[in-house]
Amino acid sequence: VPRYLDHNATTPLDPLVLEAMMPYLQSHYANPSGVYRAGRAARAAIDRAREQVAALVGAHPSQVLFTSGGTEANNLAIKGTCAKQSVGTLAVSAIEHASVLEPAAAVTQQGWQLVRLPVSADGVVDVVRLEQILSVHDDLRMMSVMLANNETGVLQPVAACAERAVSRGCVMHSDLTQAVGKIPVSLAALGVQLATLSAHKIYGPKGVGALIYDKSVELESLIHGGGQERELRGGTENVAAIVGFGVAAERALIDLPARTAHTLELRHALETRLRECPQVVVFGAAAARLPNTTYLGVPGIDGETLLMQFDRAGLAVSSGSACDSGTTDPSHVLVAMGVGQALGRSAIRVSFGAQNNLNDVDVFLTTLQSILSRYAS
Ligand SMILES: Cc1ncc(COP(=O)(O)O)c(C=O)c1O
């Protein structure tokens, strides 16, 4: 069995989630739009999931719009908001996931001006620079800043950004995909009107997520036809996946303190012992980070080589954003942090989860030591 240290990429399905989903894949197959009893039961199951997902971030169930995942929710937030506004400036942090960066780039085709908010060397959005940018762009209408970066795990000053944006009438979105289930998240404390969630990062199924939306924000649907999800997302609901997402959200809330403590212990053990390898750099080390994430650079060894060596030793780690693997360029996150090309190319990400233990940390470190002794110049 491989030692899986890539929980920011995806997580295994919680057995309780699978158990809750099974009836909706087998006997409870009715269309939730059906007016007969079985249809109403499927509708009730979706409504229950809506409550469970809302509770995870302190939202009202009517604010939850189910999508096919984080990518679609991010696309809907950016494109759906911009479509309803007069053309202006859109600001997104330079370290967003591609599913925010690319829709943001796409709306420039309609005349929007895109500003990428810079980050510090530790990977934190620079609020002072944000204020300078705001003073120049008085037509800012939409802003998106993620709560936790998927590569570094670094937490972002979303509330401070939202305060500045919303006071100017700008719509504020935050991608919460990596944050929920790892740190406490409250929509009210963040002050955002739109937020993205994805089930498969919290031990739920792949292919389901949600956009949490404030009804004061006008959204244009990406998918028309059928009228589901208040006419904002047409198509017969993926009932089993939505039910699974609901249970995963409920478990995430209940287990949060235990999951945080457990992964923090592993990360602490890892980073303490990494100090014995002085050449190894932990990116964003000085910033507040997710409890489960260590993003490290091993100067002189290519990230792809590291990945293959770890894979041979039975360890699943990542070279950062999954979308970037297969290329040898440093990730856009490290570039935004000002990390040099050579160090950037040597990055690997370890992200712990519920099933990991201290033995996994030991095996990772022993493998790293042996790679270092073989490859380092
Ligand atoms: C920060 C962030 N946003 C969005 C996504 C996309 O979510 P999904 O895989 O559900 O489309 C991911 C996962 O890869 C992510 O890490």
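Predicted model only: the values in this text are computed from it and were never measured.

> Pulling in residues and values, what's your account of the environment of Leu-266?
Tracing the sequence through the fold places Leu-266 in helix α9 (residues 239–274). Owing to a relative accessible area of 1%, Leu-266 belongs among the buried residues under this scheme. For Leu-266 and Leu-358, which are 92 residues apart along the polypeptide, the C-alpha to C-alpha distance reads 6.2 Å. In this structure Leu-266 touches Phe-352, Asn-356, Asn-357, Leu-358 and Val-361, once residues within four positions along its chain are discounted.

> Account for unusual backbone geometry, with residues named and values stated.
Leave glycine aside and you will find that most residues have negative phi; peptide bonds, for their part, are mostly trans. With a phi close to 70 degrees, Tyr-203 is a non-glycine residue in the positive phi region. In this fold, Tyr-203 is placed in the loop between β7 (194–198) and β8 (209–213). The phi dihedral of Glu-229 falls on the positive side, at around 50 degrees, and the residue is not glycine. Along the chain, Glu-229 falls in helix α8 (residues 228–231). For Glu-229, a relative accessible area of 10% puts it in the buried group.

> Summarise the packing of aromatic side chains; cite the residues concerned and give the values.
Applying the stated criterion across every chain, the model contains 3 aromatic pairs. Ring centres of Phe-66 and Phe-245 lie 6.0 Å apart, and the angle between their planes is 70 degrees; this geometry places the pair in the edge-to-face category. Separated by 179 residues along the polypeptide, Phe-66 in strand β2 (residues 64–67) and Phe-245 in helix α9 bring together distant segments of the chain. Looking at Phe-66, the relative accessible area reads 3%, which means it is buried. Since its relative accessible area comes to 0%, Phe-245 is described here as buried.

Each value, and the rule that gives it
Residues numbered from 1 in each chain as written. Predicted model: local features only at pLDDT ≥ 70, side-chain atom pairs only at ≥ 80, totals over all residues. Heavy atoms only, no water. Helix = DSSP H or I, 4+ residues; strand = E, 2+ residues; numbered from the N terminus. Buried < 20%, exposed > 50% of the residue type's maximum accessible area, 1.4 Å probe, protein only. Contact = heavy atoms within 4.5 Å. Phe/Tyr/Trp six-rings, centres within 6.5 Å; stacked < 30°, edge-to-face > 60°.

So yeah, pure geometry; function would need other evidence.
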